[in-house]
Structure formats: C-alpha cells, structure tokens
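Residue-level structure breakdown
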Amino acid sequence: MASLEHSPASPPAASDSGRLLDRLRSRSDQVIVLVLLFAIWQALSLWLGEYWVGSPWLVVTRFYAGLVDGSVLYHAYYTFAEAVIGFVLGAIPAVLLPFALRRLPIVTAVLDPFMVGGYGAPKLALAPLFILWFGIGIESKIALVAITVFFIVYFSALAGVRALDTRLVQMAQVAGANERDVARHIIFPGAVPYVFTGLRIAMPYSIGGAVVAEIISANRGLGYLVQLSAMNFDTTGVFVALIAVTLIVFICNGAVDFAERRLLRWRPASDAKLQASV
Amino acid sequence: MTTQDGALDLAESTKVKWRQYAVTAGRIGLAVLLLLAWKIGAERAGPLYVADPVLVAQRIVTGISSGELLYHIYVTLRLSVIGFAIGCFFGVALPFVLRRMPRVTNAVEPYIMASVGVPKYALVPLFILWFGIDDAPKLWLIGFLVFYPVFIAVFAGIRNVDRRLVNMARVAGASEAMISREVIWNSLLSFFMASLKIALPRAVSAAIIGEFLVGDAGLGYLIEYSRQNFDTVGVFVGIVVATALVLIINAALVWLDRRVNAWRPTERDMQI
Amino acid sequence: MSAQPLLEVRDLSKRFASRESRDASLWVIKDLSFSVRDGEFLTIIGPSGSGKTTLLNMIAQIDAASGGEVRFKSESAPINDPKSLNPGLSCRIGYVTQEDNLLPWRTTLQNVLFPLTVQGRLNDETRARAAELIRHVGLAGFENHYPHELSGGMRKRASLIRTLVYDPPVILMDEPFGALDAQTRAVLQEDLLRLWEMGRKTIVFVTHDIGEAIALGDRTLVLSRAPAKVAGEHQITIPRPRDIRGIMSHPDFGPLYQRIRAQVQ
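Now for a description of the structure that goes with this document. (Residues numbered from 1 in each chain as written. Chains lettered and ligands numbered in written order. Predicted model: local features only at pLDDT ≥ 70, side-chain atom pairs only at ≥ 80, totals over all residues. Heavy atoms only, no water.)

Here the focus is the sheet that holds strand S4 (residues 67-72) of chain C. Residue and element names in this part refer to chain C. Sheet architecture is open: four strands sit in the order S2-S1-S4-S5, paired in antiparallel fashion. Two strands close off the open sheet at either side, each with one partner strand: strand S2 (26-36) and strand S5 (75-77). Each adjacent strand pair in this sheet contributes to an overall mean axis angle of 25 degrees, direction not counted. With seven bridges joining them, strand S1 (residues 7-16) and S2 adopt antiparallel strand pairing. Bridge pairing links Val9 to Phe34 in S2. In the packing of helix H1 (residues 52-59) onto the sheet, the strands contacted are S1, S2 and S4, and the crossing angle to S1 comes to about 120 degrees. (Pairing = 2+ DSSP bridges. Helix = DSSP H or I, 4+ residues; strand = E, 2+ residues; numbered from the N terminus. Axes fitted to C-alpha atoms, helices over the stretch in contact; angles between N-to-C directions. Contact = heavy atoms within 4.5 Å.)

Right, dumping it as structure tokens:
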C-alpha cells in the first residue's frame, strides 16, 4: 500500500546473522558511550578536584553508606511521601470532576477559562505562598504537588470524557444499557488511557514540585539534602541526593507503567510514552 | 414543512444563544465570586496570610508607575529569553545533527532519554556552586528545562516525517539540504510549536524559581524577598504579575501557532 | 520509432528478507525483463501483491534491486546498492504515486511548482506552463487552496500535473486512479489521454484494472503472481484518439479483455 515507502529491503548479502551482528554492534556502541560518560566524569573529577566534582567511586560509596546508615532513606522517605500524597490528593478530584461535569456542559464551559488559566499558571512560583500558609513542613509541599497534578490530570481526563465514541454509547443504549451502565462500561474504560497519559505527565512534576519546595525552604527531604550539601560545598553529597531523586522518579514512572499495563491489557502497545516524557 | 423547519432552526438558534449568555454570565459570576472569596479570605485569615486584593492592586499600580515593578519584570523576561534561546538552539540543532549519524544516535539515545528523568530544579544548587551567583546558574537551569521538550519534539518529528514525501521530493530533484528545509522542517513545525507551548512558559517559570534561590532582582526575587520579610502584599503582587505574564505568553503562542500552521485542517485541540 | 528502447529492464530481481522464518527469503520479482519505446504508453497489469509498486520503485531508484539492471537510453545505472541510488535519475524519470503525496503546507500552485523550485527552473515560461496545466485539468480557481481543502480527484490531478510540469522523458504511474470513484476515474483517464496526446511522453502505467489497461495503453504487459514475471504481452490495436466511456463497445475490446483475464490469475 505505501508505495514510496522504503521497503524493509536487504541487499542480497544481508542475512539473519548480519542482523544479529547489527544488534550486537548497537549494544556495544551503547556500552562504549556509558563507559565514556563515566570516564569523562572521572577525568573531570581528577582535573577539577573532588571539591568541585565528586568522583564516581566516591559518590557510589557515599550513596551506599547513606543507604546503610539510613540517612539517604530518611530524606528520600519525606520526598517520596510528599510526592505520593500530593499526587493522590490532586489526581482524585481531577479524575472525578470531568465525569461529574459530563452531563453539565454549561458548567464545564463556565469553568473552562479558569481551568486553562490554572493549567498555564506557573504553580511552582506559588511555593513561597504555600510555605507562608502551611509552614516549612510536609504540608506545604503536599499542597504544591496536589495543585500541580490537579490541572494536568483534569485536562487529560476531560479529553478522555470528550473523546468518547458516541457510536459506542448508542450501541450500548440500543442494547438496553441505562445511564449508569453507560458510564461504567463505556465512558470510564474509554477514558482510562487518557487519564493515564495525564498521570504519566504529572508524575515527574509531582516529584519536581516537592523537590523545588524543599530546596526553597525545608528541614528534611532530598531537596533539602541537595541544598544543604551545596551550602557545605560537598558536591559528592549533592550527587548522592540527585541520584536518589532520579531513582525515585524512575520507580514512580515504573509504577505508573505497571498500573497502566495491568489496567489496559486490551489496548495495543502505547505510543504515549514519548509525549509523556516531554 | 419548510416553515416548520424554519421555526425549529429559530428555536435551536435562540437556545444556543441563551446558552452562550448563560456561559458568559456564569464566567463573570465565578470571577466575581473568586475575587470576593479572596477579599473575605484576606479579612478572615489576616494580612499576614492573605493580602487584601485592593492593597495588591494598589501596589501593582504604584509599582508600575514608579518603574520598580517593570524593572523586575524586565529582569525576569531578559533571563527567560536568553535561556530559552540557548535551550531552543540546542534542542533544534542536535536532532538535525543526529539525523545524519544513525549509529551515534542509536548509541546516545538511551542516555538522553534517561536524563529526562533527572529533576532539573534539583540541579540549581549545584549550578550555583559551579557557576557562581550571577545569571549563569539560572541560564543553565532555563536552558535545560527548555532543551528537553524541544529536543524530544524535534527528534520525534524527524523520525515521523513521512518517508513518501521525502522520496517524492528526491524524485523531483530536491537536494538533501532542500529536503531538510522544505519537507522535514515543515513536517515537524507543528511538533515544534507544540513544544514551544510547553517550553516558553516553562522558561519564565524557571527564571522565577531561579530567582527564588539566587539573585537580587526579578519577580522571583520580589516574591521570595517579600516572603522572608513577611510582606504578604509583596508576595501576592509577585505571584499575580508572574501568573499574568505566563498566561499572556501562552495566549500569544496559541495565536502564533494558528498563524504558522494555517495549512493544517482545522484543529480540534483544546489549547491546553 | 527507434530500434533502441528508451527504457529497458533486464533480469530485474527483488527479494525481501523474511522476518519470521529462517528459510528462503521471499522473491517478489525474479528475472523480470521488458523494454519501453520512446513515446510509448505501456500499461502493466498484475494481481495485487505481484510487486508492481516495488517494480516502479526500483525503476525510479527509490528502492535498491537484489539483481539485474535498469537501462535508461542504453546507459546502465547501478541500482543494487541502496547508497548509490539516484532517485528520479536526475529528473528524467517522473513518478506519480498511488497516494498523491502533496505537501500539506503548500497550496495547489505551490505544490505544482515544487519540482521546478527545487530544480531551480522557476521562470516566466515554466510558470506559464504550470498555469496552463492547471487550467487543463480544471484546477483553475483552486490555486491557493491547501491539499486538505481539495477533493480526492482534485488532489490526484494536482499530483499528476506536478510531474508533467517539469517534463521528464519517462513517467511512471502507480495505480494513480485506484482510490477514486468510477465517474471521477473516467474523467481523469480522459484528462490523462488528452495530456499525453499533446506531448507523447513515455509512460509506464501500473494498474490492476484490465479495462483501464486496455483503454489507456499501446501495449499491455501481464505480470504473474510473485515472484513476478511477464506472463503475457498484448498490443492494443484500438485506434487513437479513443473514447474512454465508449471503449467497451469497440469490437477489439471484448476479445482482448478475455485473453488478458485468462492470464491474470
């Protein structure tokens, strides 16, 4: 069908062993780049001194020590808790609201410019306000994360409710489904992929929001650890905290991925991943 | 028959009209309600927690007329624009360079994609340590925050270019450079615009966050300095102005996108 | 009619490496040979999946061949190595593809002018020619419309004259009217014949519609199922100018149709 498409052509020589070699070569290229990155890191550390750039080995040993004595875990626990609690508090109303408003188009239209404004507003800039209101503890971070997550997920869920296939609804009504059946069996499953797109996008923001608030003002958490180490000119400590934060991001992304795969087994492989990583 | 249809149409259109009035009235009502809630909230919670909207408005007016507020806006915008330009340049140039080097692309891609996961704001203390307390750390932050969405969009855009259009252009005698400019660039323009909608407001927000942490001017500095001095009105002024600034930029980008992508079939996106 | 063919396909072969099975890769085309005279309208007919598009892609040098060669004016071009392909063989082989492949961000006129622009041949004379072609196919008044604002038939016309406008000596056409309704299709076939009779280009026209192959061509080749080979060759003796809509009532049509259908499995 695709007439001008480059066909998956292979010159006569190409065979299966050739393809295997290709894959092997690309893997080894990737390993070489990884080694190169560590070499550059090590070289920078030697050249500029451990004071400016902690060496990879030092960072690894410090990270390990932090895990063993629990200091890294202590801070990671707070950041993780802030992100997850805020995420849940923001996401739940954001998912429910579009469903509640489905039968009220006028209310949705009234809310629209306010929601667009809320979505576009720089929520992280609100961090000082939340610190003013809720203090430097965990509450201000949770509030910041929740409000950030809310607007992202709201629009994804709204898109899901709107993208609903009216033919499916009619089909269900013809088949004798009532309003509640339609909501439960057609609208909700149809919107789930959209909700997950929103959750995927929101997840890194929730951790980022918690960390920003911690850097600005806190007495614990990984953001605080980054800031504290930087104040003490301890770059190794900064690196350790950064690695811990990044690990949390990966774990949370993995959790969302896992939940999505479990809930959406009926769907073909998702291509939403790339968008979500923006 | 026709008269009946006409009557129906009329009824339908008046219904639509009424609906529009209701929506407009509702929006105005809600805006008033929110302002009222702010006002009442200020009285209930006390001036330390919520600044009185009237005082905020007054402060904005005096700030603008004295030029002080304008100066803060200028500082923030200048920083955002420079950082944005840096991030955007690398975000666009790198995919075009990588396009010609499939082997290198394949080798570095997993690491670039993994680095997306690093929370960039957490790097600020490190940047301050390395690059001092002038504009440099903030520019690194803004540059990184802008680079990623632009790079990912342009990279994906180049991958998704319709091979058939490229082949058509080749058959018609176009050189590689012409294909880059004509087919590839135009194909990814909508991806690029979508990434700008994310990146430009983000650049402003990043400048503000950067100013929270380091610097002696700009909207972020204004907000954080006011907070530390328990000047709640100042905090609110900064936040109101920053929000307005970002929303104006958003609106301008939506408008620009419509102009640039006029050739696209009418879009149904929700402008979020 | 010169003795030397303008375009010659010799022992052309193409195979795709099979992904799943490890055994013999799939030959789509094997040792296919034919030639086209200057000014000839050759139609090629074959069942779907017989590698017709692949054949044209190799002649246009978009795809590499697994064996054999394609000679243009007796010069042989290397087409066995994907890296040394010369798509469109320096603008001398035009290609009207199955999809219109119009650039969505260019208007009708800009699309038609696209080859001239990239070839650096945009001048008053070529512009006038483009305007004339646009008029000829009934696109006047739609010059400033974007592709998505045109109907399927109009897009096809635009893609057709985009190739005609730069006047390549050979034009390949890959079921260009395949996706259209019968009425639009007949009109476009008439348009094509009219344009062809003005310039008498060399055309290689691929289709799976026997009636279309007879109505348009001087000669028809029938391809077999994969691996494609020439299963039959027919001179179309119906005189020109032809009446497309009435062609079925021509006495030669019926027998030709029967004979070709017997060969197309």
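Next up on the list: the pattern of salt bridges. Oppositely charged side chains can form a pair if their charged atoms are brought close together. All names here are of chain C. Counting across every chain of the model gives 32 salt bridges over all chains. Residues Glu40 and Arg37 are paired through a salt bridge, measuring 3.4 Å at the closest nitrogen-oxygen approach. Glu40 sits in the buried class, given a relative accessible area of 1%. Put simply, Glu8, Arg10, Glu69 and Arg71 are held in one network by salt bridges that share partners. (Salt bridge = Lys/Arg side-chain N within 4 Å of Asp/Glu carboxyl O. Buried < 20%, exposed > 50% of the residue type's maximum accessible area, 1.4 Å probe, protein only.)

Let's shift gears to the interface of chain B and chain C. The interface is formed by 19 residues belonging to chain B together with 21 residues belonging to chain C. For the pair chain B and chain C, the two sides together bury roughly 1,800 Å², of which 70% comes from carbon and sulfur. By the criterion of area lost to chain C, the three top residues of chain B are Met168, Val171 and Trp263 of chain B, representing 37% of everything that side buries. Across the chain B-chain C interface, the total number found is two salt bridges. The salt bridge partner of Arg106 of chain C is Glu182 of chain B, with a shortest N-O separation of 2.6 Å. If you look at where chain B meets chain C, you find four residue pairs in polar contact (both at pLDDT 80 or more). Elements with a minimum of two residues in the side of chain B that touches chain C: helix H7 (163-171) and helix H8 (176-213) of chain B. (Buried area = accessible area lost by both parts, 1.4 Å probe. Polar contact = N/O pair within 3.5 Å; in protein donor to acceptor, adjacent residues only side chain to side chain.)

Take the packing of helix H3 (residues 68-99) of chain B against helix H10 (residues 232-260) of chain B next. Residues and elements named next belong to chain B. Two elements in contact, H3 and H10, have axes whose closest approach is 12 Å; the angle formed by their N-to-C orientations is 50 degrees. Here H10 runs oblique to H3, going by the angle between their axes. Regarding H3 and H10, the two cross each other, and that crossing is right-handed. Where H3 approaches H10, its residues Leu69, Ile73 and Leu77 are matched on the opposing element by Val237, Val241, Leu245 and Ile249. Partitioning the contact of H3 with H10 into residue classes produces seven nonpolar, no polar and no charged. (Parallel < 35°, antiparallel > 145°, perpendicular 65-115°, else oblique. Left-handed = near helix turned anticlockwise from the far one by under 90°. Nonpolar A, V, L, I, M, F, W, Y, C, P; charged D, E, K, R; others polar.)

Before going further, it helps to examine the packing of aromatic side chains. Evaluated as defined, the whole model comprises 31 aromatic pairs over all chains. Taking the centre distance of 5.3 Å and the plane angle of 80 degrees together, the rings of Tyr154 of chain A and Phe155 of chain A count as edge-to-face. Given the relative accessible area of 1%, Tyr154 of chain A is considered buried. A centroid spacing of 5.9 Å and a plane angle of 40 degrees characterise the contact between Phe127 of chain B and Trp140 of chain B, whose relative ring orientation is tilted. One end of the pair, Phe127 of chain B, is in helix H5 (residues 124-131); the other, Trp140 of chain B, is in helix H6 (residues 135-159), with 13 residues separating them in the sequence. Residue classification places Trp140 of chain B among the partly exposed residues on the basis of a relative accessible area of 40%. A cation over a ring is seen here: Lys123 of chain A above Tyr119 of chain A, with NZ or CZ 5.8 Å from the ring centre. One residue, Lys30 of chain C, lies across the ring of Trp27 of chain C, its end atom 4.0 Å from the ring centre. (Phe/Tyr/Trp six-rings, centres within 6.5 Å; stacked < 30°, edge-to-face > 60°. Lys NZ or Arg CZ within 6 Å of the ring centre and 35° of its normal.)

We now examine the interface of chain B and chain A. Each partner contributes to the interface: chain B provides 59 residues, whereas chain A provides 59 residues. Counting the surface lost from both chain B and chain A, the interface buries some 5,200 Å², and carbon and sulfur atoms represent 77% of this. Three residues stand out in chain B for area buried against chain A, namely Tyr111, Leu129 and Arg227 of chain B, and they jointly supply 12% of the buried area on that side. The interface formed by chain B and chain A includes one salt bridge. Ionic pairing is found between Asp29 of chain A and Arg103 of chain B, a salt bridge with its closest N-O pair at 2.7 Å. Sorting the residues of the side of chain B that touches chain A by element identifies helix H1 (2-45), helix H4 (102-115), H5, H6, H7, H8, helix H9 (219-228) and H10 of chain B as the ones contributing at least two each. Per-element tally for the side of chain B that touches chain A: the top contributor is H10 of chain B, with nine residues.

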